[in-house]
Amino acid sequence: MDNPWRDDDFSASSACEVAPYEILDPERLAAESSDLQTFTKSIAELPYDPESWLLRARCLRLLGFPELALGDAYKARLLVEASQERSSPLGKKAFLALCDKTRLQHETDPRLAAWKHLVSTTALLEKRVVAELQELELQVWSELMEGLMASNACSDYLTLSQEAVLRFPQDAVFPSEVLNAKSWFKQRDDILREQVDAGEMSEEKMQATLHNGGVYPVAYLWMQEDFVSREDSFLDRCKKEFSVRSTNSTVSRSAIRDLDAEDDAPSSGDVLGAFATKGIALADTVLVDSTVAGVTSSAERCPTCCGRITEEILNDCCSVPYCSPDCSKTALDTFHASVCGKDFGFLTSAAESAELTTDLSLDSVLLLRVLALSMQEPTLHPLKTSLLNRLTPTYKNDELIIFNFPDHIVTPIRVLGELGIDVFANAAYDTWVLHTIRCRLQNNKHGQTLDGFPGTAVNPLYSMFNHSCAPNVDWEHGDSNSTLRMFALRDVEEGEELFISYIRPLTMDYAERQESLLPWLGMECECEQCKAERPPTEA
Ligand SMILES: [Zn+2]
Ligand SMILES: [Zn+2]
Ligand SMILES: [Zn+2]
């Protein structure tokens, strides 16, 4: 698996040299949380009213979720801009929402009674709303900048503040934002340059760190129990998948992370794991794990399996070629209906220039694929759909995950729009859902290089194997497609849990292993080898 924090090309610690989040006192926290509910309700009632999105953005930022604040502020911006134009269907809806709200406020709010005459005719009301929109637009841009600062996205902050000065030449505040952004950028540049000069950081890593921000992966306050644990019916479904693809293993609840498992009590946790259902001999195949959730930088390969296409197989619906009749049928049965006839050239052309399997453009194509898959199970919440429900994220609150405005806000919202999802009215694909999907993918995807083309994939059964520093299973990946073969590294007895190693090389010592594993496990490794090698803690 790729390191979820991309240690190779991004330095999370040095991205965070701004002030840490302001920790709200309990009273303030309660007030902001209650506001959050109020604004979420107003968004549900009036999804095209930019003001509700703006208000919720501010609230989310104060609560410490700048990645969500930016999603809301960006939606507010799209609505404001559309309603200023008023030519698109979205613009008409947004303008109407604002008119209705303004009229209602003047009719019902006693404090506005004296100004009722200002909205007494349609022409007056519209004039009033146009003026409000101008004011709102400035607030939206300011909120975007606040969000970029809070998400450590110094380079995006600089870009946006410069755009703001060009767009609002009369505004007195934005030029000072540019100065602020420039001095922050320079400060970061200087710090990183010193590290490069001292040989502590590569030039590539420096550039990535300079141009990206970081946010914390968190289980949001409002994620019900539902979104953090998996029910038995889901487990049964996974068992069926194992039974189709493996003759000697299955999935079950694992006690690996139960710290109090001394008494042999059954696991109450939500960790799933793979187990041998019979003895497996060294080098025997455990399972062959194919996936439709794989992507590659090459536009010439099969969309389903990422394999080479020697003879083009087409479906009736469009001219997308596949490598085999199986792949063309699988595409129709799984992800293709969501994307057929839609233009995602902006994603695939960016991915074509990817040089590394961790390139963010490949992540965006993978996101498109998992969103497309989730849409084919419309009765389920996206996070509960077959693939996404099985992927567990690591929530470790003091490690940043790479973040920037174009890749993590603008592109996903555009992708949803192209998929035909109304990002304003459809709360199932709210920014917190997107960010949660991203954290889950980050923790479960692995790089795949096929005939020299970088790519990334999530394999559905592979993702259920837990880690051990003394693994009994390994996996191999050919050049041909996204399918993995998992095989035994030693003789395994019936009933044993099957483990792979998330890290390489296997020869690392105890301390090195803990450091490498922390991003995945979020705690010390509890495998048998680590338990045996753990230095005694001082009492
Ligand atoms: Zn194929
Ligand atoms: Zn088609
Ligand atoms: Zn271990």
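First things first, this report covers the structure right here in the doc. (Residues numbered from 1 in each chain as written. Chains lettered and ligands numbered in written order. Predicted model: local features only at pLDDT ≥ 70, side-chain atom pairs only at ≥ 80, totals over all residues. Heavy atoms only, no water.)

Looking at the overall build of the protein
Applied cut-off: Strands here mean DSSP runs of E at least two residues long; helices mean DSSP runs of H or I at least four residues long; both are numbered from the N terminus. For this measure, only C-alpha atoms enter the radius of gyration; the expected value for a globule follows 2.2 Å times N^0.38, where N is the number of residues. Relative accessibility under 20% of the residue-type maximum defines a buried residue, over 50% an exposed one, and the middle range a partly exposed one, all with a 1.4 Å probe and only protein chains included. Contact definition: two residues touch when any of their heavy atoms are within 4.5 Å. Surface exposure here means Shrake-Rupley accessible area, sampled with a 1.4 Å probe, where a residue is shielded only by the protein chains that are shown. None of His or the chain ends enter the tally, which takes Lys and Arg as positive and Asp and Glu as negative. All charge positions are set by atom: Lys at NZ, Arg at CZ, Asp at CG, Glu at CD.
A count of helical and extended segments in the protein gives 19 helices and 14 strands. Against the globule reference of 24 Å for 539 residues, the protein gives a C-alpha radius of gyration of 25 Å, in line with a compact fold. Dimensions along the principal axes, computed over C-alpha positions, put the protein at roughly 85 × 65 × 50 Å. Sorting the 539 residues of the protein into buried and exposed places 51% on the buried side. For the protein, the proportion of contacts with a sequence separation of at least 24, taken over those separated by at least 6, is 70%. For the protein, the accessible surface area stands at approximately 24,900 Å², while carbon and sulfur atoms represent 53% of it. Between the averaged position of the 49 positive side-chain charges in the protein and that of its 86 negative side-chain charges there is a distance of 6 Å.

Comments concerning the pattern of salt bridges
Under the convention used in this document: By convention in these notes, a salt bridge is any Lys or Arg side-chain nitrogen within 4 Å of a carboxyl oxygen on Asp or Glu.
This model, assessed by the stated rule, comprises 33 salt bridges. For Arg103, the salt bridge goes to Asp100, with nearest N and O atoms at 3.1 Å. Of this pair, Arg103 and Asp100 both sit in helix 5 (residues 89–108), separated by 3 residues, roughly a single helical turn. Classification of Asp100 by relative accessible area gives partly exposed; the value is 37%. A salt bridge links Arg167 to Glu137; the shortest N-O distance between them is 2.9 Å.

Quick notes on the coordination of the zinc ion (ligand 1)
Our working rule: Any N, O or S atom lying within 2.8 Å of the metal counts as a donor, with the limit raised to 3.2 Å for Na, K and Ca; because water is left out of the atom set, some sites can appear incomplete. Tetrahedral means four donors with every angle between 85 and 135 degrees, whereas square planar (four donors) and octahedral (six donors) require angles over 155 degrees between opposite donors and between 65 and 115 for all others; sites fitting neither are termed irregular.
Looking at the metal site, the zinc ion (ligand 1) is ligated by Cys302 (SG), Cys305 (SG), Cys323 (SG) and Cys327 (SG), spaced 2.3 Å from it. In this structure, the zinc ion (ligand 1) is surrounded by 4 donor atoms whose angles at the metal cover 103 to 113°, and the resulting shape is tetrahedral. Mapped onto the sequence, the residues coordinating the zinc ion (ligand 1) show the spacing C-x2-C-x17-C-x3-C.

Concerning the coordination of the zinc ion (ligand 3)
The zinc ion (ligand 3) binds to the protein through Cys469 (SG), Cys525 (SG), Cys527 (SG) and Cys530 (SG), with metal-donor distances spanning 2.3 Å. Around the zinc ion (ligand 3) sit 4 donor atoms, and with donor-metal-donor angles ranging over 102 to 116° the site reads as tetrahedral. When the donors of the zinc ion (ligand 3) are listed by position in the chain, the intervening gaps give C-x55-C-x1-C-x2-C. A residue is classified by how much of its surface remains accessible, and Cys525, at 2% relative accessible area, is buried. Residue Cys527 is classed as buried on the basis of its relative accessible area of 2%.

Quick notes on the packing of helix 4 (residues 66–85) against helix 6 (residues 122–150)
What counts is decided by this rule: Orientation is described by axes fitted as lines to C-alpha atoms, over the contacting stretch for helices, and by angles from 0 to 180 degrees between their N-to-C directions. Note that the term roughly parallel is reserved for angles under 35 degrees, roughly antiparallel for angles over 145, roughly perpendicular for angles of 65 to 115, and oblique for everything else. With the far helix as reference, a near helix turned anticlockwise by less than a right angle produces a left-handed crossing, and one turned clockwise produces a right-handed crossing. Under the grouping applied here, Gly and all other residues not named as nonpolar or charged are polar, the nonpolar ones being Ala, Val, Leu, Ile, Met, Phe, Trp, Tyr, Cys and Pro and the charged ones Asp, Glu, Lys and Arg.
Running from N to C, helix 4 and helix 6 point in directions that differ by 155°, and their axes come no closer than 9 Å. Viewed along their axes, helix 4 and helix 6 adopt a mutual orientation that is roughly antiparallel. You can see that helix 4 and helix 6 cross each other, and the crossing is left-handed. Contacts from Pro66, Ala69, Leu70, Ala73, Tyr74, Ala76, Arg77, Val80, Glu81, Ser83 and Gln84 in helix 4 reach Leu133, Leu136, Glu137, Val140, Trp141, Glu143, Leu144, Gly147, Leu148 and Ala150 in helix 6. Each residue belonging to the contact of helix 4 with helix 6 can be placed in one class, and the counts come to 14 nonpolar, 3 polar and 4 charged.

Details of the pairing of strand 3 (residues 272–276)
For the record, the criterion: For two strands to be treated as a pair, DSSP must find no fewer than two bridges joining them.
Across the 5 residues of strand 3, 5 count as buried, placing the element largely inside the fold. The side-chain alternation of strand 3 yields two buried faces, one formed by Leu272, Ala274 and Ala276 and the other by Gly273 and Phe275. Pairing of strand 3 with strand 14 (residues 497–500) involves 2 bridges; the strand directions are antiparallel. In the sheet register, Ala274 faces strand 14, and the bridge partner there is Leu498.

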